[in-house]
Amino acid sequence: MTNPETKLRPIELPQPVAERTLSFNEVVAQRRTIREIAATPLTLAQLSNLLWVAFGVNRKVGPFGVTGRTAASASNSQEIDVYVALEDGTYLYDAVTHRLNPVSAGDSRLAAINPRQRTVFRSTAPVQLIYVADLHCLTHTIGFKEPGLHDPEIQKSYYFVDCGMIGGNVYLVAAAQGLAAWFHNCDKATLTKSLTLRPEQKVLFAQSVGWPAVAEARQ
Ligand SMILES: Cc1cc2nc3c(=O)[nH]c(=O)nc-3n(C[C@H](O)[C@H](O)[C@H](O)COP(=O)(O)O)c2cc1C
């Protein structure tokens, strides 16, 4: 169904399939931040694999009787939403249906980079993953009996850690596919507006993904 406000259509992602066969240790050996990223778009297959490894569903039933995901989250609250900014618009990754649902039309990718760094790196990355914590999920998880979930400071530590877990997966899947990844700060105020977030939703970080601009040494 087309989102009438954005005129964008949902993007059905193909089944995730690993395209390269590096050993796990080889992947870890390649993990690094690469900031110079070419504008070449990723294929749908690459996007599919990227998002599935980032925070896809890997078990129908995980802790607390809800789905299991590829990244850990406090009490399996799954409070981090992965927004995917592409050239034509920004989408929200729905892990259960493994598709991208339209959120806003237009190119928000530049706002996913800290203004201070935009001029330094002139990012042309085709994909910006924007990590947003939804506090509602933390306070309404089945695991809410956990005392830490009632304390705003501890909630904060949980959602930042949970975001980092996803970012770590993205670094590894990028290394496995020969792609570049760069975890970074972003323009939170602009993104909060353009993604029309609720007060309970907090923009945390973003991560650029694409092909390395320079055939960087893979040593
Ligand atoms: C929480 C966090 C925030 C980061 N923020 C930025 C950032 O705003 N800008 C940037 O260029 N790199 C950022 N980075 C990337 C780090 O600078 C990079 O991971 C570090 O220099 C180590 O390099 P490596 O990833 O290649 O090992 C961030 C990394 C983390 C984990």
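1. Considering the state of the cysteines
Then, number 1: In the structure shown here, the tally under the stated rule is zero disulfides.
Then, number 2: Just so you know, Cys163 is unpaired, no disulfide at all, and the nearest cysteine sulfur is the one on Cys186, 9.1 Å from it.

2. Topic: the nonpolar core
Then, number 1: Grouped together as the largest cluster of nonpolar side chains are 37 residues, with contacts concentrated most on Leu50, Leu51, Val82, Val84, Leu100, Val127 and Leu129.
Then, number 2: Secondary structure elements with two or more residues in this core: α2 (44-55), β4 (80-85), β5 (89-94), β7 (127-134), α4 (135-139), α5 (152-177) and β9 (201-210).
Then, number 3: It is α5 that contributes the most residues to this core, seven residues altogether.
Then, number 4: Residues in contact with Leu100, not counting those within four places in the same chain, are Pro10, Ile11, Leu13, Leu47, Leu51, Val84, Tyr91, Leu92 and Tyr93.
Then, number 5: Of all hydrophobic cores here, the second largest spans 12 residues; its members include Ala85, Ala111, Cys186 and Ala206.

3. Some details on the packing of aromatic side chains
Aromatic ring pairs are defined here through the distance separating the ring centres and the angle between the ring planes.
Then, number 1: One pass over the structure, following the stated rule, counts four aromatic pairs.
Then, number 2: The interplanar angle of 40° and the centroid separation of 5.3 Å between the aromatic rings of Tyr159 and Phe160 together place this pair among those described as tilted.
Then, number 3: An aromatic cluster is present here, built from Tyr131, Tyr159, Phe160, Phe183 and Phe205 joined pairwise through their rings.
Then, number 4: A cation over a ring is seen here: Arg31 above Tyr171, with NZ or CZ 4.8 Å from the ring centre.
Then, number 5: A cation over a ring is seen here: Lys188 above Phe205, with NZ or CZ 5.9 Å from the ring centre.

4. Let's talk about the site of the ligand
Then, number 1: Taken together, Arg31, Arg32, Thr33, Arg35, Gln117, Tyr171, Trp182, Phe183, His184, Asn185 and Phe205 are the residues near the ligand.
Then, number 2: Arg31 places a side-chain nitrogen or oxygen 2.6 Å from an oxygen atom of the ligand.
Then, number 3: At 2.9 Å from an oxygen atom of the ligand is found a main-chain nitrogen or oxygen belonging to Asn185.
Then, number 4: Burial of the ligand by the protein chains amounts to 56% of its free accessible area of 630 Å².
Then, number 5: The element contributing the most residues to the shell around the ligand is strand β8 (residues 180-184), with three residues.
Then, number 6: Class assignment for the residues of the shell around the ligand results in four nonpolar, four polar and three charged.

5. Examining the pattern of salt bridges
Then, number 1: This structure, assessed with the given rule, holds four salt bridges.
Then, number 2: The residue Asp134 makes a salt bridge to Arg198 at a minimum N-O spacing of 2.7 Å. Remark: Arg198 occurs in the loop between α6 (188-194) and β9 and Asp134 occurs in strand β7; sequence separation between them is 64 residues.
Then, number 3: Look at Asp134 and you get buried, because its relative accessible area is 6%.
Then, number 4: Overall, Arg198 belongs to the partly exposed group, its relative accessible area being 37%.
Then, number 5: Residue Arg198 is joined to Glu200 by a salt bridge in which the shortest nitrogen-to-oxygen separation is 3.2 Å.

Criteria and thresholds
- Residues numbered from 1 in each chain as written.
- Predicted model: local features only at pLDDT ≥ 70, side-chain atom pairs only at ≥ 80, totals over all residues.
- Heavy atoms only, no water.
- Disulfide = S-S within 2.5 Å.
- Core = buried A, V, L, I, M, F, W, Y, C linked by side-chain atoms within 4.5 Å.
- Buried < 20%, exposed > 50% of the residue type's maximum accessible area, 1.4 Å probe, protein only.
- Helix = DSSP H or I, 4+ residues; strand = E, 2+ residues; numbered from the N terminus.
- Contact = heavy atoms within 4.5 Å.
- Phe/Tyr/Trp six-rings, centres within 6.5 Å; stacked < 30°, edge-to-face > 60°.
- Lys NZ or Arg CZ within 6 Å of the ring centre and 35° of its normal.
- Near = heavy atom within 4 Å.
- Polar contact = N/O pair within 3.5 Å; in protein donor to acceptor, adjacent residues only side chain to side chain.
- Areas by Shrake-Rupley, 256 points an atom, 1.4 Å probe, with all protein chains shown as cover.
- Nonpolar A, V, L, I, M, F, W, Y, C, P; charged D, E, K, R; others polar.
- Salt bridge = Lys/Arg side-chain N within 4 Å of Asp/Glu carboxyl O.

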